[in-house]
Amino acid sequence: MAISFSDLHTESGLKSLEEYLSGKTYISGDQVTRDDIKVFAAVLEKPSGAFPNVSRWYDCVSSLLASSFPGKAVGVRVGCQADLAEAVPAEEAKKDAPEADDDDDLDLFGDETEEDKKAAEEREAAKKASSKKKESGKSSVLLDVKPWDDETDMKKLEEIVRSIEMEGLHWGASKLVAVGYGIKKLQIMMTIIDDLVSVDTLIEERLTVEPASEYIQSCDIVAFNKI
């Protein structure tokens, strides 16, 4: 029969365990069982003298774990060895204990069920999926950048355009194209990562505001192709 106690780190929880252990040596009989080990693991530290039954039981279980599983019950306190010997002879405890492989470690929290294993695998898979960076699509864009007039310094205009840096934006080849009356426009290629760069935002917030707007009158998207 599985026995459990809640809130063993609180005074009320320890009080319920104190009452339960009144007249008892261990949780489920006259020797240490898995119920004792589970409850022991839930108690954060040795209770004070206000809980004499719990304190005695804690020392006895601690002593048995330390002597029976050296190096495995990490942090277990050793105490009440004489009381343990009187209440639970070592040979009897070994005789009644289930056989286990030499490589088995002490499981303080019970056997792992198939549901636990499946849930752990699903959590691990979800973690890997979320940590894997999603590969975003790319686009190739041809942009027309128009000056104010024929006196605009086109070399300076291009320098200003290329000086704009954004994550996911890469400027490419460019050329000057005559539009009439001695005025030329800049045609420039750029490659963008779609999830990181909005061409409309680039134009409205970077290319047609100061200081770029001193040289650039307007910008138009000539071609927009997915790569």
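Residues numbered from 1 in each chain as written. Predicted model: local features only at pLDDT ≥ 70, side-chain atom pairs only at ≥ 80, totals over all residues. Heavy atoms only, no water.

By the naming in an unreviewed UniProt entry, the protein goes by Translation elongation factor EF1B and is assigned to Macleaya cordata. Quoted straight from UniProt, the Sequence similarities (unreviewed entry) entry for the protein says "Belongs to the EF-1-beta/EF-1-delta family." Recorded in UniProt for the protein, the comment headed Subunit (unreviewed entry) runs: "EF-1 is composed of 4 subunits: alpha, beta (1B-alpha=beta'), delta (1B-beta), and gamma (1B-gamma)." (UniProt positions renumbered as here; feature names shortened; annotations may be inferred.)

Peer 1: An account of the pairing of strand β1 (residues 138–147) is requested, with residue identities and associated values reported.
Peer 2: Looking along a regular strand, one sees side chains alternate from face to face of the sheet. With respect to burial, β1 is a largely interior element, eight of its 10 residues being buried. Direction of pairing for β1 relative to strand β3 (residues 183–193): antiparallel, over a ladder of eight bridges. Looking at the pairing, Ser139 lines up with Ile192 of β3. Bridge count for β1 against strand β4 (residues 216–226) is nine bridges, and the pairing is antiparallel. The partner of Ser140 across the bridge, within β4, is Asn225. (Buried < 20%, exposed > 50% of the residue type's maximum accessible area, 1.4 Å probe, protein only. Helix = DSSP H or I, 4+ residues; strand = E, 2+ residues; numbered from the N terminus. Pairing = 2+ DSSP bridges.)

Peer 1: Give a detailed account of the pattern of salt bridges, specifying residues and quantitative values.
Peer 2: For side chains bearing opposite charge, pairing can occur when the charged atoms are close. In the structure shown here, the tally under the stated rule is five salt bridges. Put simply, Lys185 and Asp144 hold a salt bridge, and the shortest N to O gap is 2.7 Å. On the criterion of sequence distance, the pair formed by Lys185 in strand β3 and Asp144 in strand β1 is long-range, its members being 41 residues apart. Residue class for Lys185 comes out buried when judged on its relative accessible area of 14%. For Asp144, a relative accessible area of 6% gives the class buried. Its salt-bridge partner being Lys146, residue Asp220 comes within 2.9 Å of it at the nearest N-O pair. Of the two residues, Asp220 is situated in strand β4 and Lys146 in strand β1; the sequence distance between them amounts to 74 residues. Accessibility expressed as a relative area gives 32% for Asp220, which makes it partly exposed. Residue Lys146 is classed as partly exposed on the basis of its relative accessible area, which comes to 29%. (Salt bridge = Lys/Arg side-chain N within 4 Å of Asp/Glu carboxyl O.)

Peer 1: Residues and numbers for the environment of Val197, please.
Peer 2: With respect to the helices and strands, the residue Val197 is situated in the loop between β3 and α8 (199–207). Taking relative accessible area as the criterion, Val197 reaches 5% and is therefore assigned buried. Sequence separation of Val197 and Gly168 is 29 residues, and the distance between their C-alpha atoms is 6.2 Å. Ignoring anything within four residues of it in the chain, the contact list for Val197 reads Met166, Glu167, Gly168, Leu169 and Ile192. (Contact = heavy atoms within 4.5 Å.)

Peer 1: Before we move on, can you summarise the packing of aromatic side chains with the specific residues and values?
Peer 2: What the rule picks out here adds up to two aromatic pairs. Each residue in the set Phe40, Trp57 and Tyr58 is aromatic and connected to the rest through ring pairs, giving one cluster. Residue placement shows Lys24 over the ring face of Tyr20; its charged tip is 4.5 Å from the ring centre. (Phe/Tyr/Trp six-rings, centres within 6.5 Å; stacked < 30°, edge-to-face > 60°. Lys NZ or Arg CZ within 6 Å of the ring centre and 35° of its normal.)

Peer 1: Got a sec to walk through a negative patch on the surface? Specific residues and values, please.
Peer 2: On the surface, Glu114, Glu115, Asp116, Glu121 and Glu122 cluster together to form a negatively charged patch. Its location among the elements puts Glu122 in helix α6 (residues 114–131). Judged by its relative accessible area of 48%, Glu122 falls in the partly exposed class. (Patch = residues over 30% accessible without salt bridge, like charges linked within 9 Å, V, L, I, M, F, W, Y side chains within 5 Å. Areas by Shrake-Rupley, 256 points an atom, 1.4 Å probe, with all protein chains shown as cover. Lys, Arg positive; Asp, Glu negative; His and termini not counted. Charge placed at Lys NZ, Arg CZ, Asp CG, Glu CD.)

Peer 1: Go over helix α7 (residues 154–163), please, and point to the residues and values.
Peer 2: Along α7, the positions that sit buried rather than exposed are Met154, Leu157, Ile160 and Val161. For α7, the buried positions fall inside an angular range of 115 degrees around the axis, keeping them on one side. Looking at the packing, one finds that the buried side of α7 touches β1, β2 (169–180), β3, α8 and β4. Capping the start of α7, Asp153 holds a side-chain oxygen 3.1 Å from the backbone nitrogen of Lys155, two or three residues further along. (Arc of directions from axis to C-beta. Polar contact = N/O pair within 3.5 Å; in protein donor to acceptor, adjacent residues only side chain to side chain.)

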